[in-house]
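What the coordinates show
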Amino acid sequence: MTATLLDPTTALVLVDLQKGITALPTAYPAQHIVERSAALARAFREHGLPVVLVRVTGGAPGRTEGPARSGDVPADWADLVPELGRTDTDIVVTKQQWGAFYGTDLDLQLRRRGVTQVVLAGIATSIGVESTARAAHEHGYHVTVAVDAVTDMDADAHRNSVEKIFPRLGETDTAEAIVALLGRG
């Protein structure tokens, strides 16, 4: 678990840090994930690097065996948490699926800015974050995951993503270590 390098044009992608998701019971406290993600966002903004705030407002169609979200959600369910300190320069991506690439303009937004690497954080580790990491890898981006800035509703699924999946897609490290790498660019 050591991130070695951040490209000169690296973007931070924060996945589903919105009121409805952060209110769910998670393996590690969502508030800690939000705090670390907010610190990453501040550092990326200070270095003039893109910050992408991803939110989910729907779900992909199709039958599943697992439980689906049902019923009405509160009006502010998809609102990004204010702790992220959203600015006018942030890129906001609204998705309908697990991953932030499919069906959105995320790849176009990143390529227009010359981005070659993404740092990921958010909720849920094995769903939105992992799906976005897989797609980023498939799109040719260098991928780094801030492993102490992700959590899941299922501790085993979280552990599998962090220990088995993310190392095959890129590098992993703590939010603090990633911020320190920003200073080396």
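Look up: the structure comes first, before these words.
Each residue is numbered by its place in its chain's sequence as written, counting from 1. Whole-chain, interface and lining totals are the exception, using all residues; otherwise, since this is a predicted model, local features are given only for residues with pLDDT of at least 70 and side-chain atom pairs are given and counted only at 80 or more. The side-chain numbers reported here are obtained from all heavy atoms of the structure, hydrogens and water having been left aside.

This part takes up the pattern of salt bridges. Salt bridges are defined by distance alone: a side-chain nitrogen of Lys or Arg within 4 Å of a carboxyl oxygen of Asp or Glu. For the structure shown, the criterion picks out 7 salt bridges. Arginine 134 is paired through a salt bridge with glutamate 130; the nearest N and O atoms lie 2.9 Å apart. A residue pair is termed a helical-turn pair when its members lie 3 or 4 positions apart in one helix, as arginine 134 and glutamate 130 do in helix α4 (residues 125-138) at 4 residues. Buried, partly exposed and exposed residues are distinguished by accessible area as a fraction of the type maximum, computed with a 1.4 Å probe on protein chains only: under 20%, between the cut-offs, and over 50%, respectively. Given the relative accessible area of 37%, arginine 134 is considered partly exposed. Taking the relative accessible area as the measure of exposure, glutamate 130 reaches 9% and is therefore buried. Numbering of helices and strands runs from the N terminus; a helix is a DSSP stretch of H or I covering at least four residues, while a strand is a stretch of E covering at least two.

A separate point is the packing of aromatic side chains. Pairs were defined over the aromatic rings of Phe, Tyr and Trp, the Trp ring being its six-membered one, requiring ring centres within 6.5 Å. Orientation was assigned from the angle between planes: stacked under 30 degrees, edge-to-face over 60, tilted for the rest. One pass over the structure, following the stated rule, counts 1 aromatic pair. Between the aromatic rings of phenylalanine 101 and tyrosine 141, the centroid separation amounts to 5.9 Å while the plane-to-plane angle is 35°, which identifies the pairing as tilted. You can see phenylalanine 101 sitting in the loop between β3 (91-95) and α3 (106-112) and its partner tyrosine 141 sitting in the loop between α4 and β5 (142-151), a full 40 residues away along the chain. The pair phenylalanine 101 / tyrosine 141 is uniform in exposure class, with both members buried.

Each axis is a line fitted through C-alpha atoms, taken for helices only over the stretch in contact, and angles between the N-to-C directions span 0 to 180 degrees. It is the contact of helix α2 (residues 30-46) with helix α6 (residues 175-182), at a shortest axis distance of 10 Å, that shows an interaxial angle of 5°. What the angle tells us is that α2 and α6 run roughly parallel. Contacts from Arg36, Ala39, Leu40, Ala43 and Phe44 of α2 reach α6 at Ala175, Ile178, Val179 and Leu182. Following the grouping adopted for this structure description, the nonpolar residues are Ala, Val, Leu, Ile, Met, Phe, Trp, Tyr, Cys and Pro, the charged ones are Asp, Glu, Lys and Arg, and the polar ones are all others, Gly among them. Residues belonging to the contact of α2 with α6 are distributed by class as follows: 8 nonpolar, no polar and 1 charged. If an angle is under 35 degrees, it is roughly parallel; if it is over 145, roughly antiparallel; if it lies from 65 to 115, roughly perpendicular; otherwise it is oblique. In what follows, residue pairs with any heavy atoms lying within 4.5 Å of each other are defined as contacts.

Right, let's talk about the packing of α4 against helix α5 (residues 155-169) for a bit. The relative placement of two packed helices comes down to the angle between their axes together with the axis-to-axis distance. Where α4 contacts α5, the two axes come as close as 10 Å, and the packing angle between them is 5°. Overall, the two elements α4 and α5 adopt an arrangement that is roughly parallel. Facing α4, whose interface residues are Thr125, Ser126, Val129, Glu130, Ala133, Arg134 and His137, α5 presents Ala157, His158, Ser161, Val162, Ile165, Phe166, Arg168 and Leu169. Of the residues assigned to the contact of α4 with α5, the class counts are 7 nonpolar, 5 polar and 3 charged.

On to α4. Each residue after the first adds 1.5 Å to the expected span of a helix. The terminal C-alpha atoms of α4, which comprises 14 residues, lie 18 Å apart, in line with the 20 Å expected from a rise of 1.5 Å per residue. If you follow the buried residues of α4, they end up packed against β1 (10-15), β4 (117-123), β5 and α5. Looking one or two residues past α4, glycine 140 carries a phi angle of roughly 90°, positive in sign.

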